[in-house]
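Survey of secondary and tertiary structure
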Amino acid sequence: MPPIALITGSARRVGAVILQQFHAAGYRVILHYRQSKAAAMALVDACNAARPDSALAWQYDLSDTEGFPSSLQSLLADWGGLDVLVNNAAVYLSTPVLETTETEWQMLFDRNVKAPYFLTQACASYLEKNNGCVINIIDIQSQRAIKNYGVYAQTKAAFAMQTKSLARELAPSIRVNGISPGPTLWPEGENDLTKVQQEKVLEKSALHCLADPEDIGNAALYFAQAKTVTGQILAVDAGRSIKT
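Reading guide: rules and limits
Residues numbered from 1 in each chain as written. Predicted model: local features only at pLDDT ≥ 70, side-chain atom pairs only at ≥ 80, totals over all residues. Heavy atoms only, no water. Helix = DSSP H or I, 4+ residues; strand = E, 2+ residues; numbered from the N terminus. Rg over C-alpha atoms; globule rule 2.2 N^0.38 Å. Contact = heavy atoms within 4.5 Å. Areas by Shrake-Rupley, 256 points an atom, 1.4 Å probe, with all protein chains shown as cover. Lys, Arg positive; Asp, Glu negative; His and termini not counted. Charge placed at Lys NZ, Arg CZ, Asp CG, Glu CD. Core = buried A, V, L, I, M, F, W, Y, C linked by side-chain atoms within 4.5 Å. Buried < 20%, exposed > 50% of the residue type's maximum accessible area, 1.4 Å probe, protein only. Pairing = 2+ DSSP bridges. Phe/Tyr/Trp six-rings, centres within 6.5 Å; stacked < 30°, edge-to-face > 60°. Lys NZ or Arg CZ within 6 Å of the ring centre and 35° of its normal. Axes fitted to C-alpha atoms, helices over the stretch in contact; angles between N-to-C directions. Parallel < 35°, antiparallel > 145°, perpendicular 65-115°, else oblique. Left-handed = near helix turned anticlockwise from the far one by under 90°. Nonpolar A, V, L, I, M, F, W, Y, C, P; charged D, E, K, R; others polar. Expected span 1.5 Å × (residues − 1). Arc of directions from axis to C-beta. Salt bridge = Lys/Arg side-chain N within 4 Å of Asp/Glu carboxyl O.

Topic: the overall build of the protein
Across its full length, the protein holds seven helices and seven strands. For the protein, the C-alpha radius of gyration of 17 Å lies close to 18 Å, the compact-globule estimate for 244 residues. A separation threshold of at least 6 residues defines the contact pool for the protein, and within that pool the share at least 24 residues apart is 76%. Entry remark: accessible area of the protein is about 12000 Å², with carbon and sulfur atoms responsible for 52%. One finds the centroid of the 21 positive side-chain charges in the protein at a distance of 5 Å from the centroid of its 23 negative side-chain charges.

See below:
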C-alpha cells in the first residue's frame, strides 16, 4: 500500500504545495484544515480525481489537544496507518512588546508549540509501526527575530528545540527533522506588506528572492525518504540565514 502523510494547515499556501508534492510522489495524503473548507475540499477532490482514494480532509481545531487520540483513531480507521506527519500549521501574529496581551502570548504558544507536540505524541504509535517520521516546519525567525513579531519568533525557537529533543526521545523507531523557511509567500491580511517593505525583505536574503514553496516540499520529501537522517533542521531561506 502507498505510504500515508498527514500535513497540518495544508489547504492553502505552503502547506498545500507540500501536500501536492507528497501526493505527486505517490503518497496518500490527509489534508488538515481549520477554516479554509472550500480550498481544502477543492484540493482533496483534485487529488482524488488524479488518483482515486488518495486524499481525505480532516477539519480540526488543533488547540483541542485532548481530542487528538480519538479524532486520529476515527480519521485513520479506513487507511489504518501513518508514515509521515508534517507539522506545518501555525499562527503568525504581530505582537509589539508594549501592546502584547497574555491571551495573545498564550495563543501563539498553544498553536505553534503545544499543538505540534501533542499531535506528535498522538501520532507516535502509528508512526512507530511504520518507522515513520515527523517533519516540523519551523521558520528562520527562530534564529533571526524581526521587530514586532517577538512572540512568534520565541515560539519558533521553542519549536526548533522541540524538533531536536523529540528526535532523541523517539529514536530509533521515529525520525524527527525540521525545515526552517525564510520569507516564502507574502503575508496576508493584517500582516500585509507594502512594496517598499517587500523590497527590504528581499534585500536581507543572499539570493534577493523569496524561498520557493516547492523547495520546501522537496526538502520535506527528502526527510521523509532519508532513513538515516534525524534531528536536523534545514534552512530553505534564499540565503537569509547567511546574510550579515
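Details of the nonpolar core
Residues Ile 18, Phe 22, Val 84, Ile 135 and Ile 179 are the most contacted members of the largest nonpolar core, which totals 32 residues. If you list the elements that add at least two residues to this core, you get β1 (4-7), α1 (13-24), β2 (28-33), α2 (37-50), β4 (84-87), β5 (133-137) and α7 (213-225). With six residues, α7 is the single largest residue contributor to this core. In this structure Ile 135 touches Phe 22, Val 84, Leu 85, Val 86, Asn 87, Asn 177, Ile 179, Ala 220, Phe 223 and Ala 224, once residues within four positions along its chain are discounted. Core analysis: the second largest hydrophobic core is formed by 26 residues, Ile 4, Tyr 60, Trp 79 and Ile 174 among them.

Details of the pairing of β5
With five of its five residues buried, β5 lies for the most part within the structure. The side-chain alternation of β5 yields two buried faces, one formed by Cys 133, Ile 135 and Ile 137 and the other by Val 134 and Asn 136. Two elements, β4 and β5, share four bridges in a ladder whose sense is parallel. Each bridged residue has a counterpart across the sheet, and for Asn 87 the counterpart in β5 is Asn 136.

Considerations on the packing of aromatic side chains
For the structure shown, the criterion picks out eight aromatic pairs. Look at Tyr 92 and Tyr 152: their rings are 4.7 Å apart centre to centre, the planes differ by 85°, and that puts the pair in the edge-to-face class. Within this pair, whereas Tyr 92 is found in the loop between β4 and α4 (102-129), its partner Tyr 152 is found in helix α5 (residues 150-170), the two being separated by 60 residues in sequence. Ring pairing ties together the aromatic residues Trp 58, Tyr 60 and Phe 68, which thus form one cluster. Its end group placed over the ring of Trp 79, Arg 28 keeps NZ or CZ at 5.0 Å from the ring centre.

Some words on the packing of α4 against α5
Between α4 and α5, whose axes approach to 9 Å, the crossing angle comes to 15°. In terms of orientation, α4 lies roughly parallel with respect to α5. As for how α4 packs across α5, the hand of that crossing is right-handed. Contact residues: α4 offers Trp 105, Leu 108, Phe 109, Asn 112, Val 113, Pro 116, Tyr 117 and Thr 120, while α5 offers Val 151, Tyr 152, Gln 154, Thr 155, Ala 158, Phe 159, Gln 162, Leu 166 and Leu 170. Residues that form the contact of α4 with α5 fall into these classes: 12 nonpolar, five polar and no charged.

What to know about α2
Here α2 is 14 residues long and its end C-alpha atoms lie 20 Å apart, about the 20 Å a rise of 1.5 Å per residue gives. Inspection of α2 places Ala 40, Leu 43, Val 44 and Cys 47 among the buried residues, and these make up the whole buried set. When α2 is viewed along its axis, its buried side chains cluster within an angular range of 100° and face the same direction. Relative to its buried face, α2 has exposed residues pointing more than 90 degrees away, namely Ala 38 and Ala 49. Along its buried surface, α2 packs onto α1, β2 and β3 (55-59).

What to know about unusual backbone geometry
Excluding glycine, residues mostly have negative phi values, and the peptide bonds linking residues are mostly trans. In this chain, Ala 171 is followed by Pro 172 through a cis amide linkage whose omega measures 5°. Along the chain, Pro 172 falls in the loop between α5 and β6 (175-181). For Asn 131, which is not glycine, the phi torsion reads 45° and is therefore positive. Among the secondary structure elements, Asn 131 is positioned in the loop between α4 and β5. The backbone of His 208 shows a phi angle near 55°, a positive value even though the residue is not glycine.

Side note on the pattern of salt bridges
Applying the stated criterion to the full structure yields one salt bridge. Between Asp 61 and Arg 111 there is a salt bridge; the shortest N-O distance is 3.7 Å. Taken together, the positions of Asp 61 in the loop between β3 and α3 (68-75) and Arg 111 in helix α4 put the pair 50 residues apart, joining distant regions of the chain.

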